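# Observations on the three-dimensional arrangement
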Amino acid sequence: MFRCKSVEEIQSTVEKEGVSLPFAQTTKVLTESVQAGSLHLNNRIAIQPMEGCDGTPDGKPDELTLRRYDRFAASGAGLIWEEATAVCEEGRANPRQLWICPENVDAFKAMNERIREISMKENGFAPKIIMQATHSGRYSKPHGKPEPIIAYQNPLFEKDSPIPAENIITDEALDRLTEQLGQAAKLAQQAGFDGVDIKACHRYLDSELLSAYERPGRYGGSFENRTRLLREGVQNAKANITGDFAVTSRLNIYDGFPYPYGFGVSPNGGLNPDLSEPLRLVGILHEELGMDLIDLTIGNPYVNPHVNRPADWQPYDLPEEPLVGVARMLDCIHTIQKAYPKLNIIGSGLTYLRQFAPLMAAGAIEQGYFTIAGFGRMSFAYPQFAKEILAGRELDSRQCCIACGKCTQLMRMGSTAGCVVRDKLYTDLYRSLTAKKEG
Ligand SMILES: Cc1cc2nc3c(=O)[nH]c(=O)nc-3n(C[C@H](O)[C@H](O)[C@H](O)COP(=O)(O)O)c2cc1C
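Quick caveat, the model's predicted, so the values are computed rather than measured.

Turning next to the sheet that holds strand E6 (residues 195-198). Reading across from one edge, E7-E6-E5-E4-E3-E11-E10-E9-E8 is the order of the nine strands in this open sheet, with parallel pairing throughout. Only two strands of the sheet have a single neighbouring strand rather than two, namely strand E7 (246-248) and strand E8 (250-254). The sheet shows a mean angle of 30° between the axes of neighbouring strands, taken without regard to direction. Sheet analysis places strand E5 (residues 128-134) next to E6, joined by four bridges and oriented parallel. The residue of E6 that forms the bridge with Gln-132 is Asp-197.

In this section: the pairing of strand E10 (residues 344-347). Neither face of E10 is open: one carries Asn-344 and Ile-346, the other Ile-345 and Gly-347, and all of them are buried. Two elements, strand E9 (residues 293-298) and E10, share three bridges in a ladder whose sense is parallel. The partner of Asp-295 across the bridge, within E10, is Ile-346. Alignment of E10 against strand E11 (residues 372-375), held across two bridges, turns out to be parallel. Across the sheet, the residue bridging to Gly-347 is Ala-373, located in E11. At this point the chain moves from E10, through helix H11 (residues 357-366), to the parallel E11, and the crossover so formed is right-handed.

We now examine the domain arrangement of the chain. Structurally, the chain comprises domain 1 (20-401) and domain 2 (404-439). One C-alpha centre belongs to domain 1, the other to domain 2, and the line joining them spans 23 Å. In this complex, domain 1 contributes 17 residues to the contact, which on the side of domain 2 involves twelve residues. Per-class residue counts for the side of domain 1 that touches domain 2 are nine nonpolar, four polar and four charged.

With five of five residues buried, E8 lies mostly within the body of the structure. The sheet contact formed by E8 and E9 spans four bridges and is parallel. The residue of E9 that forms the bridge with Asn-252 is Thr-297. The parallel pair E8 and E9 is bridged by helix H8 (residues 276-288), and the resulting crossover is right-handed.

This paragraph deals with unusual backbone geometry. Here the amide bond leading from Tyr-259 into Pro-260 is cis, since omega sits at 5°, within 30 degrees of zero. Mapped onto the secondary structure, Pro-260 falls in the loop between E8 and H8. One non-glycine residue with positive phi stands out, namely Arg-354, at about 50°. For Arg-354, the location among the structural elements is in the loop between E10 and H11.

This part takes up the packing of helix H4 (residues 171-190) against helix H7 (residues 228-239). Packed helices, taken two at a time, are described by the angle their axes make and the gap between the axes. The interhelical angle for the contact between H4 and H7, taken along N-to-C directions, is 40°, at an axis separation of 7 Å. For the element pair H4 and H7, the recorded crossing hand is right-handed. Each of Leu-174, Leu-177, Thr-178, Glu-179, Leu-181, Gly-182 and Ala-185 in H4 lies in contact with H7, whose residues at this interface are Leu-229, Glu-232, Gly-233, Asn-236, Ala-237 and Ala-239. Of the residues that constitute the contact of H4 with H7, the class distribution is seven nonpolar, four polar and two charged.

Here H8 contains 13 residues, and its C-alpha end-to-end distance of 17 Å stays within 8% of the 18 Å for a straight helix at 1.5 Å per residue. What H8 keeps buried is the set Pro-278, Leu-281, Val-282, Leu-285 and His-286. Along the axis of H8, the buried positions cluster into a sector of 125°, meaning they face one direction only. Relative to its buried face, H8 has exposed residues pointing more than 90 degrees away, namely Ser-276, Glu-287 and Glu-288.

Per-residue confidence for the chain gives a mean pLDDT of 97, with 100% of residues at or over 70. Ranking the helices and strands of the chain by mean pLDDT puts E9 first, with 99, and helix H15 (residues 424-438) last, with 91.

Right, let's talk about the site of the ligand for a bit. Around the ligand sit 25 residues in total, of which Gln-48, Ala-84, Thr-351, Gly-376 and Arg-377 are the nearest. At the level of secondary structure, the elements contributing two or more residues to the shell around the ligand comprise strand E4 (79-86), helix H12 (377-381) and helix H14 (406-412). When residues of the shell around the ligand are assigned to their parent elements, the largest contribution, three residues, is made by H14. Grouping the constituent residues of the shell around the ligand by class yields eleven nonpolar, nine polar and five charged. Each of two domains, domain 1 (20-401) and domain 2 (404-439), supplies a minimum of three residues to the shell around the ligand.

Cut-off values and rules
- Residues numbered from 1 in each chain as written.
- Predicted model: local features only at pLDDT ≥ 70, side-chain atom pairs only at ≥ 80, totals over all residues.
- Pairing = 2+ DSSP bridges.
- Helix = DSSP H or I, 4+ residues; strand = E, 2+ residues; numbered from the N terminus.
- Axes fitted to C-alpha atoms, helices over the stretch in contact; angles between N-to-C directions.
- Buried ≥ 20, exposed ≤ 12 C-beta atoms within 10 Å, placed from the backbone.
- Right-handed = clockwise from strand over helix to strand, strands pointing away.
- Domains from an automatic or database assignment.
- Contact = placed C-beta atoms within 7 Å.
- Nonpolar A, V, L, I, M, F, W, Y, C, P; charged D, E, K, R; others polar.
- Left-handed = near helix turned anticlockwise from the far one by under 90°.
- Expected span 1.5 Å × (residues − 1).
- Arc of directions from axis to C-beta.
- pLDDT = per-residue confidence, 0-100.
- Near = placed C-beta within 6 Å.

What follows is the structure, encoded as structure tokens:
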């Protein structure tokens, strides 16, 4: 349980654990602008993609979606990375997941215009907006129950209920998906986004393929094959857009599962990171495919959420001090940023630090861990957090995310997601859902 009352207490806690975290004296660096390729960002604060599971059944933003993005728009963050948006119906993670298709372009466009208007009014600038293009793979639930589409069978993930081999996506279907990713980029540009993310994180389909060591065919086995969907998805996206439009990726650089089930993990067994392949992949994306901005993360929210989003609550006994999880995330990202100092890297997993997160984010930027600070759960709990940082004020601990995991629990219950502790709408929703379950 997070009980630290000062940066010094955090530092002494992590020191006892044999790890370290960077801290700055002030948060000033977060207020600086960044030029990430064609994207001019007003400051170094990004809102990370956070699914609300609250779109219309046909995948347009709905009332609660607009409510969330209105709040993010007012926040003052320089970059808003919109949530996972499916590129095909069968790849939707839930029946209310956003879906980019020609019929929905106008609805996304209206939401993006609204975000820019609100931010202009509140903050005097328009944030840059990225669309996260996804296929949910083994987590696909387009009709509310699992309809998994997998890269390969994985006993670690399928312990009690193995997924049949017929659910393994074929090479031909992956070829079509590459085309769909290109089409999604085109539609995202029409919808007024500033860029598209070819999502390859958290073990959704494109991320799972990165560890398909034993899959036969053109998408498995060699490094070249395992990275094919991502590389060709990026290439196709670039071929389908015009002018200044960013093609980026949210990428897992360490999965936290033993070989042969994890990317970025030592092939010699155990869970130690081995970032040689992630380094090579980022090098290709940056130096060969011209990616100027990338959003890095690690882990999986279902099987090892303590790796993915350090919290005081997990669906199993806490396996480690959550601050160790924060340090692991930062260290992995740091390794990549050191190798590619000109690449604009967004760092993840900062929210656990609560009111001290901005000083750690600033320290990480000053010490070269990453370039832009991405905040996920904090933005649900305390959407005004960026405004406070930009004004040079400390965050109010009573408004910060407390990493209780209830936003995720709401999603797992098939509901819409938001902050149960700080946002009354979701406090009431959570109460009514849990009362129903108990009653
Ligand atoms: C409710 C919820 C929804 C999320 N949805 C997405 C998503 O759509 N795409 C994505 O890449 N990550 C998603 N994430 C992960 C966050 O972007 C972020 O990586 C994670 O929460 C750790 O960062 P934090 O410590 O700042 O919260 C989600 C996390 C939560 C809790």
